[in-house]
Amino acid sequence: MINGSCLCGAIEYEVEEIPGKIYNCHCSQCRKSHGAAFATQVFARGATLRFIKGEELLKEYRQVPGHGVIRAFCSKCGSRLMN
Ligand SMILES: [Zn+2]
Ligand SMILES: [Zn+2]
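The rules we used
Residues numbered from 1 in each chain as written. Chains lettered and ligands numbered in written order. Predicted model: local features only at pLDDT ≥ 70, side-chain atom pairs only at ≥ 80, totals over all residues. Helix = DSSP H or I, 4+ residues; strand = E, 2+ residues; numbered from the N terminus. Rg over C-alpha atoms; globule rule 2.2 N^0.38 Å. Contact = placed C-beta atoms within 7 Å. Pairing = 2+ DSSP bridges. Axes fitted to C-alpha atoms, helices over the stretch in contact; angles between N-to-C directions. Buried ≥ 20, exposed ≤ 12 C-beta atoms within 10 Å, placed from the backbone. pLDDT = per-residue confidence, 0-100.

This next bit is on the overall build of the chain. Check the secondary structure of the chain and you find 1 helix and 8 strands. Secondary structure elements of the chain occur, N-terminal to C-terminal, as β-β-β-α-β-β-β-β-β. Compactness check: the chain gives a C-alpha radius of gyration of 13 Å against a globular reference of 12 Å for 83 residues, within 12% of the reference. When the backbone C-alpha atoms are referred to their principal axes, the chain occupies close to 30 × 30 × 25 Å. When contacts within the chain are restricted to residue pairs at least 6 apart in sequence, those whose partners lie at least 24 apart make up 45%.

Right, let's talk about the sheet that holds strand β1 (residues 2-5) for a bit. Hydrogen bonds between backbone groups are what pair the strands of a sheet, and the pairing can be parallel or antiparallel. If you trace the 3 strands from one edge of the open sheet to the other, you get β1-β2-β5, paired in antiparallel fashion. Strands with a single pairing partner mark the edges of an open sheet, and in this sheet they are β1 and β5 (49-53). Neighbour-to-neighbour, the strand axes of the sheet open up by a mean angle of 25°, direction not taken into account. The pairing of β1 with strand β2 (residues 12-15) spans 4 bridges and is antiparallel.

On the secondary structure map, Ser 5 appears in strand β1. By C-beta crowding, Ser 5 is classed as partly exposed, having 17 other C-beta atoms within 10 Å. Along the primary structure Ser 5 and Lys 53 are separated by 48 residues, whereas in three dimensions their C-alpha atoms are 9.4 Å apart. Each residue touching Ser 5, except ones within four places of it in the same chain, is listed here: Ile 11 and Glu 12.

Next up on the list: the environment of Leu 58. Relative to the helices and strands, Leu 58 is located in strand β6 (residues 58-64). Residues Leu 58 and Gly 78 lie 20 residues apart in sequence; the distance between their C-alpha atoms is 9.4 Å. Non-local contacts of Leu 58, meaning those with residues more than four positions away in its chain, are made with Ile 11, Ala 72, Cys 74 and Leu 81.

This paragraph deals with the confidence of the model for the chain. In the predicted model, the chain carries a mean pLDDT of 89, and 95% of its residues have values of at least 70. At the low end of the mean pLDDT range in the chain sits strand β7 (residues 67-74), at 83; at the high end sits β2, at 96.

Let us look at the environment of Thr 48. Mapped onto the elements, Thr 48 comes out in the loop between β4 (39-42) and β5. Taking the C-alpha atoms as reference points, Thr 48 and Glu 17, 31 residues apart in sequence, are found 7.4 Å from one another. Beyond its immediate stretch of four places on either side in the chain, Thr 48 contacts Val 15, Glu 16 and Glu 17.

In textbook terms, the turn of a hairpin is the stretch between consecutive antiparallel strands, and for β1 and β2 this stretch comprises 6 residues, one of which, Gly 9, has a positive phi near 85°. Bridging between β2 and β5 involves 4 bridges; their strand directions are antiparallel. Note on β5: the bridge partner recorded for Val 15 is Leu 49.

Encoded structure:
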């Protein structure tokens, strides 16, 4: 089991496994979203992801309303948690 949390600890989650690759995306939208030269991406199966606490604090930002990438973050501390 792999555990994680946001910076302030209000949101905690666990996931059974990371089945795919982990990579750094250097596209312009990831660079802007992270305020850095790249964003590290990790993919997990949604069915194996479980929030331990704070799921209600997760907020979403859709770059293109109706479709496209959803960027989710903690509404208390701003930590990016999901793309
Ligand atoms: Zn937080
Ligand atoms: Zn990207």
